[in-house]
Amino acid sequence: MGARLTYAALLRRTQQTLEAAGVEDAGFDGLQLLCHAAGCSVTALLAQKEAACPADLPDRLAALTARRAAGEPLQYLLGEWEFYGLPFFVGPGVLIPRAETELLVDEALRFLEGVAAPRCLDLCTGSGCVAAALANARPDAAVEGLELSPEAADYFTKNQRRLGLNNLTLTRGDVLAGPKATGVYDLVTANPPYIP
């Protein structure tokens, strides 16, 4: 029986596999996948990088690496992604929160400055990242997300529960068929899906 791989050697092997598959940021993705498979933070991994990894870790990581190399999004493999400093569950059926969408939240919050207890509506809310970021930043706001997709609505609900945002609600409906949301809103946001 040979010596077990170190975390550093396993990381190098993972990065090489991802590079060979044409993954754009193979270094970052490899590190994230290794941390996920090992169940540790980046800091913890770097602190033990020359230690031998558990015997079953290479196989678990190889399965994740193969899926990433085949084009599955990193965020789906991890099962979550950060947006506006908050963790969100993500997976098939919702778009992955993007850093540039945080600009929408910044602008929305600027718009709401000086508005007491605003009512906000987020159309095509998906995982709820924009709505939840608004609800988190403005606890006095009543924020409603409107979503048609059952899969996305499930992620919205899981994220609302995870974040414990009592001022965030979900309404099911189709924005193109006349939303079921009613009343007067101080702000309406939308970051609709724009890719097939």
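Structure shown above.
Everything in this summary refers to the structure shown in the same document. (Residues numbered from 1 in each chain as written. Predicted model: local features only at pLDDT ≥ 70, side-chain atom pairs only at ≥ 80, totals over all residues. Heavy atoms only, no water.)

Describing the sheet that holds strand β5 (residues 168-172)
Condition: When DSSP finds two or more bridges between two strands, those strands count as paired. Helix and strand assignments follow DSSP, with helices taken as H or I runs no shorter than four residues and strands as E runs no shorter than two, numbered in order from the N terminus. Helix axes are fitted to C-alpha atoms over the stretch in contact, other axes to C-alpha atoms as well, and angles between N-to-C directions run from 0 to 180 degrees. Contact between two residues is taken to exist if any of their heavy atoms lie within 4.5 Å; hydrogens are not considered.
Strand order across the open sheet formed by four strands is β5-β4-β3-β6, with parallel pairing between neighbours. The open sheet has two edge strands with one neighbour each: β5 and β6 (187-190). This sheet shows a mean twist of 20° between the axes of neighbouring strands, independent of strand direction. In this sheet, β5 lies alongside strand β4 (residues 142-147) in parallel orientation, the contact comprising five bridges. In the sheet register, Glu 147 faces β5, and the bridge partner there is Arg 172. In the packing of helix α8 (residues 150-163) onto the sheet, the strands contacted are β4 and β5, and the crossing angle to β5 comes to about 165°.

Structural notes on helix α6 (residues 102-111)
Just so we agree on the cut-off: Partly exposed residues are those whose accessible area sits between 20% and 50% of the maximum for their type, while under 20% is buried and over 50% is exposed, using a 1.4 Å probe and protein chains only. Regarding the arc, it is the one traced by the directions from the helix axis to the C-beta atoms.
For α6, the full list of buried residues reads Val 105, Ala 108 and Leu 109. Each buried residue of α6 sits inside an arc of 95° when the element is viewed along its axis, so together they form one side. Structural note: α6 exposes Leu 103 and Phe 111 on the side pointing more than 90 degrees away from its buried face. On its buried side, α6 packs onto β1 (80-83), α7 (129-137) and β6.

Side note on the pairing of strand β2 (residues 86-89)
Burial along β2 is one-sided: the residues Leu 86 and Phe 88 are buried and none of Pro 87 and Phe 89 is. In this sheet, β2 lies alongside β1 in antiparallel orientation, the contact comprising four bridges. Bridge pairing links Glu 82 to Pro 87 in β2. In sequence, β1 turns back onto β2 through a hairpin of two residues, with Tyr 84 there showing a positive phi of about 55°.

A short note on the pattern of salt bridges
Rules: The working definition used for a salt bridge is a side-chain nitrogen of Lys or Arg within 4 Å of a carboxyl oxygen of Asp or Glu.
Counted under the stated rule, the structure contains eight salt bridges. Its salt-bridge partner being Glu 72, residue Arg 67 comes within 2.7 Å of it at the nearest N-O pair. Given the relative accessible area of 40%, Arg 67 is considered partly exposed. A residue is classified by how much of its surface remains accessible, and Glu 72, at 24% relative accessible area, is partly exposed. The partner of Asp 140 in a salt bridge is Arg 138, with the nearest N and O atoms 2.8 Å apart.

Points about the packing of helix α1 (residues 7-20) against helix α2 (residues 26-38)
Axis angle and axis distance: for two packed helices, these are the angle between their axes and the distance between the axes, and together they describe the pair. As a reminder, the rule being used: By definition in this entry, angles of less than 35 degrees are roughly parallel, angles greater than 145 are roughly antiparallel, angles of 65 to 115 are roughly perpendicular, and the rest are oblique. The handedness criterion is simple: a crossing whose near helix is rotated anticlockwise from the far helix by less than a right angle is left-handed, and one whose near helix is rotated clockwise is right-handed. Polarity classes work like this: nonpolar for Ala, Val, Leu, Ile, Met, Phe, Trp, Tyr, Cys and Pro, charged for Asp, Glu, Lys and Arg, and polar for all others, with Gly in that last group.
Running from amino to carboxyl end, α1 crosses α2 at an angle of 130°, the nearest separation of the two axes being 8 Å. One element, α1, and the other, α2, form an angle in the oblique class. Seen from above, α1 lies across α2 with right-handed handedness. Where α1 approaches α2, its residues Tyr 7, Leu 10, Leu 11, Thr 14, Gln 15, Leu 18 and Glu 19 are matched on the opposing element by Ala 26, Gly 27, Asp 29, Gly 30, Leu 31, Leu 33, Leu 34 and Ala 38. Classifying every residue of the contact of α1 with α2 by side-chain character gives nine nonpolar, four polar and two charged.

Things to note about unusual backbone geometry
The backbone phi angle of Ala 117 is positive, close to 45°, even though this residue is not glycine. With respect to the secondary-structure elements, Ala 117 resides in the loop between α6 and β3 (119-123). The backbone of Cys 124 shows a phi angle near 50°, a positive value even though the residue is not glycine. Take Cys 124: it is sitting in the loop between β3 and α7.

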